[in-house]
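# Breakdown of the fold
As a plain string of letters, each chain reads:
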Amino acid sequence: MSLESIQVLPTSGQPAKGLVILLHGWGANLEDLLGLAEYLDLSDYQLAFPNAPFPHPFNPVGRMWYDLPDNYSFLGSPEFGDRPDVTKSRQLLLDFITATAEQNSTPLDKVILGGFSQGGAMTLDVGVRLPIAGLMILSGYLHSPLQPQLPELPPTLIVHGTQDMVVPLMAARQTRDQLQQLGAEVQYHEYVMGHEIQPVVLKELQTFVKENL
C-alpha cells in the first residue's frame, strides 16, 4: 500500500530549491490543501499533497489518517500513538517522504513537512523521526507525546486560531511547550480566526519555507 498524491513542480523553470509536503485534515482529501498552491508564492519549490490512506466514515470523498473517537479531546494520550491506524499512517508517511525526496533527488534536509488539523498531528508524529528542514503545524495538536528519534528536532512553525471551535487553543500551546522542552526552535503564532487557513497563515508558511530551505 502506498499513498496517492498530487505533485506540483516548480513554475520557475529552475531545479526545485526544496520539497514541501502538506497533509490534509480529517474528512478532507489531497485536493483540499492543493487549492492553496496557487496562492502560495513558492514557485521555486516542489509541492506534494498526499491522500490519507483510510476512507472517512461520513464523507464519501473524504479521507483520514486515523479515526477519531467520540468526544476526542485533542490533548493526546501515550497509548494513542500505538493504535493500528496511527501506526499504519506513520509508516506510510515515512515511506512516502523518503521515496518522494529520493525520486526528486532532494536531500531530506531540503524537505519541509506541514499539515492542517489531523494532518498537523501526523506532521508532528512523523516529523520528529526524520532529519528534515522544518515542520509546519496549522490548527494541529499532539495525538500522543512526541517520540523524537533525532539528536536535534527540526525548526517548527505553529499557527492556531484563538476562536478554533474544533481543536482547542490549549492543544497548540501544549504542542509548543513540549517541543520547547525537547529543545526545538519554535515559531508560535495565534490569530483571531477559527479552524481555518486565512491569508495571514499563508504568509507565515511562505516566510517559514523560504527561511528554512
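The paragraphs below set out a description of the structure included in this document. (Residues numbered from 1 in each chain as written. Predicted model: local features only at pLDDT ≥ 70, side-chain atom pairs only at ≥ 80, totals over all residues. Heavy atoms only, no water.)

### Focus on the overall build of the protein chain
What the protein chain contains, in helices and strands, is 5 helices and 9 strands. Along the protein chain, helices and strands appear, N-terminal first, in the series β-β-α-β-β-β-α-β-α-β-β-α-β-α. Computed over C-alpha atoms, the radius of gyration of the protein chain comes to 16 Å, within 12% of the 17 Å expected from 2.2 N^0.38 for 213 residues, which places it in the range of a compact globule. Looking at the 213 residues of the protein chain, the share that counts as buried comes to 54%. As displayed, the protein chain offers around 9,600 Å² of accessible surface, 51% of which is attributable to carbon and sulfur atoms. On the protein chain, the mean spot of the 11 positive side-chain charges and the mean spot of the 23 negative ones are 3 Å from each other. (Helix = DSSP H or I, 4+ residues; strand = E, 2+ residues; numbered from the N terminus. Rg over C-alpha atoms; globule rule 2.2 N^0.38 Å. Buried < 20%, exposed > 50% of the residue type's maximum accessible area, 1.4 Å probe, protein only. Areas by Shrake-Rupley, 256 points an atom, 1.4 Å probe, with all protein chains shown as cover. Lys, Arg positive; Asp, Glu negative; His and termini not counted. Charge placed at Lys NZ, Arg CZ, Asp CG, Glu CD.)

### Brief notes about the sheet that holds strand E1 (residues 5–8)
Read from one edge of the open sheet, 7 strands run E1-E3-E2-E6-E7-E8-E9, paired in mixed fashion. A single partner strand is all that each edge strand has here, and the edge strands are E1 and strand E9 (186–191). For this sheet, the mean inter-axis angle between neighbouring strands, taken without regard to orientation, is 15 degrees. Bridge analysis of strand E6 (residues 111–116) against strand E7 (residues 134–138) gives 5 bridges, and the strand direction is parallel. For glycine 114, the partnering residue across the bridge sits in E7 and is methionine 136. Contacts from helix H3 (residues 118–127) reach strand E2 (19–23), E6 and E7 within the one sheet, and its direction differs from that of E6 by about 145 degrees. Packing against the sheet, helix H4 (residues 169–181) makes contact with strand E8 (156–161) and E9, and its axis sits at approximately 165 degrees to E9. (Pairing = 2+ DSSP bridges. Axes fitted to C-alpha atoms, helices over the stretch in contact; angles between N-to-C directions. Contact = heavy atoms within 4.5 Å.)

### What about the packing of helix H2 (residues 84–103) against H3?
To characterise two packed helices, one gives the angle between the axes of the helices and the distance between these axes. Between H2 and H3, whose axes approach to 10 Å, the crossing angle comes to 70 degrees. Accordingly, the angle class assigned to the pair H2 and H3 is roughly perpendicular. By crossing handedness, the relation of H2 to H3 is classed as right-handed. Across from Val86, Ser89, Arg90, Leu93, Leu94 and Ile97 in H2, the residues of H3 making contact are Met122, Asp125 and Val126. Class assignment of the residues belonging to the contact of H2 with H3 gives a composition of 6 nonpolar, 1 polar and 2 charged. (Parallel < 35°, antiparallel > 145°, perpendicular 65-115°, else oblique. Left-handed = near helix turned anticlockwise from the far one by under 90°. Nonpolar A, V, L, I, M, F, W, Y, C, P; charged D, E, K, R; others polar.)

### A short note on unusual backbone geometry
Positive phi, normally seen in glycine, also occurs at serine 117, with a value near 60 degrees. With respect to the secondary-structure elements, serine 117 resides in the loop between E6 and H3.

### A look at the packing of aromatic side chains
Enumeration over the complete set of coordinates arrives at 5 aromatic pairs. Between tyrosine 66 and phenylalanine 80 the ring centres are 5.3 Å apart and the planes differ by 70 degrees, which places this aromatic pair in the edge-to-face class. A residue pair is termed long-range when its members are at least 10 positions apart, and tyrosine 66 in the loop between strand E5 (63–64) and H2 and phenylalanine 80 in the loop between E5 and H2 qualify at 14 residues. Neither tyrosine 66 nor phenylalanine 80 differs from the other in exposure class; each is buried. Residues tyrosine 72 and phenylalanine 80 carry aromatic rings whose centres are separated by 5.3 Å and whose planes lie at 40 degrees to one another, so their mutual orientation is tilted. The exposure classification of tyrosine 72 matches that of phenylalanine 80, with both residues buried. Joined through ring pairs, the aromatic side chains of Tyr66, Tyr72, Phe74, Phe80 and Tyr141 make up one cluster. (Phe/Tyr/Trp six-rings, centres within 6.5 Å; stacked < 30°, edge-to-face > 60°.)

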